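Each chain, written out:
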Amino acid sequence: MKRTTYIIIGVVFAVIFAHMVAVYIILSGYIEPEKLTFDERSQREFTDVKVIYLDMEREGGMYNFSGKINVSPVAKEGSCTFNYPEILADHIHFKNDGDTLYITMDINDYFADMDGVRNGHFSMDELIFDLQLDSVVTYLNSHSSNARWNISDISFDSLQIRTDQTLEMISCTVNRFSFTGHGLKVRQATIKEMYLELAQRKTFEMQGGEIEKLFCTGNGKSTLKSSGAIRELVWTPKEEDASLSLELQAKSEMVLSN
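Notes on the structure follow.

What counts as what
Residues numbered from 1 in each chain as written. Predicted model: local features only at pLDDT ≥ 70, side-chain atom pairs only at ≥ 80, totals over all residues. Heavy atoms only, no water. Core = buried A, V, L, I, M, F, W, Y, C linked by side-chain atoms within 4.5 Å. Buried < 20%, exposed > 50% of the residue type's maximum accessible area, 1.4 Å probe, protein only. Contact = heavy atoms within 4.5 Å. Pairing = 2+ DSSP bridges. Helix = DSSP H or I, 4+ residues; strand = E, 2+ residues; numbered from the N terminus. Axes fitted to C-alpha atoms, helices over the stretch in contact; angles between N-to-C directions. Salt bridge = Lys/Arg side-chain N within 4 Å of Asp/Glu carboxyl O.

## With respect to the nonpolar core
So, step 1. In terms of nonpolar packing, the biggest core is built from 55 residues, with F129 and F204 touching the most fellow members.
So, step 2. Non-local contacts of F204, meaning those with residues more than four positions away in its chain, are made with L184, V186, M194, L196, L198, I211, L214, T223, L224 and K225.

Here it is in structure tokens:
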């Protein structure tokens with residue numbers, strides 16, 4: 001009996017020792033990831049711009065980075081500015097064509113040259129971009145896969161945003177707004193006509209404000225939370241089992257159709 005007990009104790013201690021050796025080997029081979037920060041900034045200024053196309057390309061694969069695009073009023077009347085990390089200056093391109101400005105960010109090319117990204121020994125701050133606009137800008141169109149959006153205190157005739165992330169809009173006035181993404185929050189905005197495409201299990205949240213007509217599509221279970229006024233809602237499911245749940249958090253008057 002004692003011999004069996006000693007054998008069991010020996011096995012337990014052997015297992016514990018083996019785990020300790022494995023942990024030591026792992027820790028001794030650990031390499032602290034390189035940290036990339038974006039403290040240095042650059043800025044471009046443009047005048048007489050009414051239309052902006054902003055594209056964050058995803059050709060060639062998308063590396064694991066996150067970004068945020070802030071849109072707000074510009075201090076200098078009649079101009080627009082774009083502020084971005086200095087380290088990406090060679091990979092952000094600007095083109096003026098009359099009153100139209102094209103901004104193309106081929107950020108993949110920058111990360112493709114860094115072995116640390118491919119080997120996993122790499123970490124980085126969030127990429128922050130600041131776009132400041134004058135009220136003369138009537139149209140903004142963007143495809144920015146890895147960037148969250150924050151738009152505040154701006155008026156547009158037309159706004160079109162496509163992203164794999166989320167967008168938050170605060171105190172804006174838009175005649176025609178089209179959004180495709182993984183979540184949208186609208187606060188105290190006035191929108192005449194809105195086209196919304198939500199990914200599966202995503203939410204559109206509206207706090208105050210007014211939408212005259214909302215055209216909503218989805219391919220899964222989506223949710224609309226509203227404490228504002230939606231005058232008319234048109235729901236178009238993209239699949240047979242797609243559904244839209246409504247959570248009305250204030251007195252509302254709404255016409256539903258499909």
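Having put the structure on the table, let's press on.
## Some thoughts on the sheet that holds strand β2 (residues 41–47)
So, step 1. Here ten strands make up an open sheet; going across it, the order is β2-β5-β9-β4-β11-β13-β15-β17-β19-β21 and the pairing mixed. Strands with a single pairing partner mark the edges of an open sheet, and in this sheet they are β2 and β21 (243–248). For this sheet, the mean inter-axis angle between neighbouring strands, taken without regard to orientation, is 10°.
So, step 2. Taken together, the seven bridges between β2 and strand β5 (residues 79–85) define a ladder with antiparallel strand orientation. Bridge assignment links F46 to a residue of β5, and that residue is C80.

## Observations regarding the pattern of salt bridges
So, step 1. Using the criterion set out here, one finds five salt bridges in the structure.
So, step 2. Note that E168 and R187 form a salt bridge whose closest N and O atoms lie 3.3 Å from each other. In this pair, E168 sits in strand β13 (residues 167–170) while R187 sits in strand β15 (residues 184–187), placing the two residues 19 residues apart along the sequence.
So, step 3. With relative accessibility at 28%, the residue R187 sits in the partly exposed group.

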